[in-house]
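Observations on the three-dimensional arrangement
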Amino acid sequence: MKRRALAELVCEYVDDLDAGMEEADSYWEAFPQFRADLEPLFVLSHRIKGTLVPVEPSPEFANALRSRLVTAWYENKACEEARNEEARRRGWWLRAAIVGSLVSMAALTAVVARSRGQLAAVPEMKFR
Amino acid sequence: MSFAESDELLAERAKTDVAAFGELYERHLRRIYTYIYHRTGNFHDAEDLTEKTFFQALANLQRYQIQAAPFTAWLYRIAHNIVANWHRDSGRRRFSQLDGLAPLSDLSADPVAAVEAEEEKVELRGAIARLPADRQQLLILKFVEQMANAEIAQVMGRTEGAVKALLYRTLESLKSELGKSRDVGLDQARRSVEESLQRVLGRRNEAKSAG
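Position labels on residues start from 1 in each chain and follow its written sequence. Here every chain gets a letter starting at A, and every ligand a number starting at 1, in the order they are written. Residue-level local features of this predicted model are given only where pLDDT is at least 70; pairs of side-chain atoms are given and counted only at 80 or more, and the full residue set underlies all totals for whole chains, interfaces and linings.

Notes on the overall build of chain B
To keep things clear, this is the line we draw: Secondary structure follows DSSP: runs of H or I at least 4 residues long count as helices, runs of E at least 2 residues long count as strands, and numbering of each begins at the N terminus. To sort residues by exposure, count the other C-beta atoms lying within 10 Å of each residue's C-beta; 20 or more gives buried, 12 or fewer gives exposed, and values between give partly exposed, all with C-beta atoms placed from the backbone. Residues are scored as being in contact if the C-beta atoms we place from backbone atoms lie within 7 Å.
Scanning chain B from N- to C-terminus turns up eight helices and zero strands. Its helices and strands in sequence order give chain B the pattern α-α-α-α-α-α-α-α, from N to C terminus. Of all 211 residues assigned to chain B, the portion counted as buried reaches 29%. Residue pairs at least 24 apart in sequence account for 60% of intrachain contacts in chain B once pairs closer than 6 positions are excluded.

Structure representation (structure tokens):
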């Protein structure tokens, strides 16, 4: 329970630091019972804030990387379009193959039906 | 009044619009670079891994889905994985002290204080670098990127409560680590003073006996 309260208060204090407010006194007034636990952590948070600072990439690096990424973006796009085109072509071939198969089946069925019909039409031979 | 387009919508647009991708890059370059710099400790590797991060993001952009994760969280995860692989591939290479950062300020005003302050920073950076990767990540996201706990939770794949608890535990362990190293430092200093005294006394005794 106490640990959870301490964790909440530490997080709040770090948020205060981020917002540029560095008043620990309000915490001591509100939570005097936690002061001994919190004070070293607040001091440490302050030190971390002063030590871990944002850094800027060099403009040369930023510009060079940007142009490489833009080139790569266009290459990716071209590859993707080629892939899509290939998939579309493959789709047409597949559809043509299916239609061809269906036509062949239909033709075969028609031929078979017709030949059966002709057989049925042949008059019965009479043997003496 | 103009509203900035959200990262997520921009990412959707970047799938078909190179300008949108450029905008995303501009928005996130400094943050990703800073994050990687603090995880690797030098500019050269920071540039190298930042480049890898953005190229990987570009390669996977078509698969990015708004519903799955915010764009920032998605990008940080890529960066985190790349840094983790870098640490693994480089044979548990030691973190090198941050190069070129924070020149000794106000040397003219109080050189001793400036040197001491710098030494404290070096000590703290070393202690942070010895923390597990997730704790380093948390400190950078919280203290440098000033992210809200909810955002950090999304990046790290944890709950907000877990992030708060981890921050508390991280500060606690850092505090004890720094206390330990300070004790070791004091012991070493005490020992070297004692050794120096022994040498001086020994030399004085030798001089006395020779005289």
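A word on the overall build of chain A
Put simply, the rule reads: Every radius of gyration here is taken over C-alpha atoms, with the globule rule written as 2.2 Å times N^0.38, N being the number of residues.
For chain A, the count of helices and strands is four helices and zero strands. When its helices and strands are written in sequence order, chain A yields α-α-α-α. Relative to its length of 128 residues, chain A is extended, with a C-alpha radius of gyration of 41 Å against a globular reference of 14 Å. By its C-alpha atoms, chain A is 130 × 50 × 15 Å across when sized along the principal axes. Residues counted as buried form 12% of the 128 residues belonging to chain A.

Comments concerning the interface of chain A and chain B
Going by this rule: As a working rule, the residues Ala, Val, Leu, Ile, Met, Phe, Trp, Tyr, Cys and Pro are called nonpolar, Asp, Glu, Lys and Arg charged, and the rest polar, with Gly in that last group.
Across the contact, 32 residues belong to chain A and 35 residues belong to chain B. Only helix 1 (2-18), helix 3 (35-51) and helix 4 (59-121) of chain A provide two or more residues apiece to the side of chain A that touches chain B. With ten residues, helix 4 of chain A is the single largest residue contributor to the side of chain A that touches chain B. Grouping the constituent residues of the side of chain A that touches chain B by class yields 22 nonpolar, three polar and seven charged.

With respect to the confidence of the model for chain B
All names here are of chain B. The condition is simple: The pLDDT value tells you how sure the predictor is about a given residue, anywhere from 0 up to 100.
Summarising the model, chain B shows a mean pLDDT of 83, and 80% of its residues fall at 70 or more. Considering each helix and strand of chain B separately, the mean pLDDT is smallest for helix 8 (residues 160-210), with a value of 77, and largest for helix 3 (residues 43-60), with 95. Confidence metrics for the complex model read pTM 0.72 and ipTM 0.72.

What to know about the environment of Thr159(B)
Residue and element names in this part refer to chain B. Assignment of secondary structure puts Thr159 in the loop between helix 7 (149-156) and helix 8. We classify Thr159 as exposed; it has 12 C-beta atoms within 10 Å. Considering only alpha carbons, one finds Thr159 and Ile140, 19 residues apart in sequence, at a separation of 18 Å.

Remarks on the nonpolar core
Our working rule: The term nonpolar core means buried Ala, Val, Leu, Ile, Met, Phe, Trp, Tyr and Cys residues held together as one set by C-beta atoms within 7 Å.
Counting residues in hydrophobic clusters, the biggest one holds 52 residues, and the most contacted among them are Val10(A), Ile36(B), Ala79(B) and Leu167(B). A total of eight residues in this core trace back to one element, the largest contributor, which is helix 2 (residues 18-40) of chain B.

A word on the packing of helix 2 of chain B against helix 6 (residues 133-144) of chain B
Residue and element names in this part refer to chain B. This is how the line gets drawn: Lines fitted to C-alpha atoms define the axes, with helix axes restricted to the stretch in contact, and inter-axis angles between N-to-C directions lie between 0 and 180 degrees. Note on angle classes: values under 35 degrees are labelled roughly parallel, values over 145 roughly antiparallel, values of 65 to 115 roughly perpendicular, and the remainder oblique. Take the far helix as the reference: if the near one is turned anticlockwise from it by less than a right angle, the crossing is left-handed, and if turned clockwise, right-handed.
In contact at an axis separation of 10 Å, helix 2 and helix 6 are set at 135 degrees when each is read in the N-to-C sense. Our classification of the angle between helix 2 and helix 6 gives oblique. Handedness of the crossing formed by helix 2 with helix 6: right-handed. Between helix 2 and helix 6, the residues in contact are Thr34, Tyr35, His38 and Arg39 and Gln136, Ile140 and Val144, respectively. Here the residues of the contact of helix 2 with helix 6 are counted per class, giving three nonpolar, three polar and one charged.

Comments concerning the domain arrangement of chain A
Our working rule: All domain edges in this entry derive from an automatic or database-based domain assignment.
In terms of domains, chain A is made up of domain 1 (2-51) and domain 2 (60-122). Centre-to-centre separation of domain 1 of chain A and domain 2 of chain A, based on C-alpha positions: 65 Å.

A word on helix 4 (residues 71-89) of chain B
All names here are of chain B. To keep it simple, the criterion reads: Each residue after the first adds 1.5 Å to the expected span of a helix.
The terminal C-alpha atoms of helix 4 lie 27 Å apart, and with 19 residues this matches the ideal 27 Å at 1.5 Å per residue to within 8%. What helix 4 keeps buried is the set Phe71, Thr72, Trp74, Leu75, Tyr76, Ala79, His80, Ile82 and Val83. Residues of helix 4 that are buried sit in contact with helix 1 (7-14), helix 2, helix 3, helix 6 and helix 7.

Examining helix 3 of chain B
The first and last C-alpha atoms of helix 3 of chain B sit 26 Å apart over 18 residues, in line with the 26 Å expected at 1.5 Å per residue. Within helix 3 of chain B, the full set of buried residues consists of Ala46(B), Glu47(B), Leu49(B), Thr50(B), Thr53(B), Phe54(B), Ala57(B) and Leu58(B).

Some words on the environment of Phe54(B)
Here Phe54(B) is to be found in helix 3. C-alpha separation for the pair Phe54(B) and Val163(B), spaced 109 residues apart in sequence, amounts to 26 Å. If we skip the residues at most four places from it in the chain, Phe54(B) touches Leu65(A), Leu69(A) and Tyr25(B).

Observations concerning the packing of helix 3 of chain B against helix 4 of chain B
Relative placement of two packed helices is described by the angle separating their axes and the distance separating the axes. Residue and element names in this part refer to chain B. Where helix 3 contacts helix 4, the two axes come as close as 9 Å, and the packing angle between them is 130 degrees. Between helix 3 and helix 4, the interaxial angle falls into the category oblique. For helix 3 against helix 4, the interelement crossing comes out right-handed. Packed against helix 3, whose contacting residues are Leu49, Lys52, Thr53, Gln56 and Ala57, the element helix 4 presents Leu75, Ile78, Ala79, Ile82, Val83 and Trp86 at the interface.

Looking at unusual backbone geometry
If you check the backbone angles, Gln146(B) has positive phi at about 55 degrees while not being a glycine. Structurally, Gln146(B) can be placed in the loop between helix 6 and helix 7.

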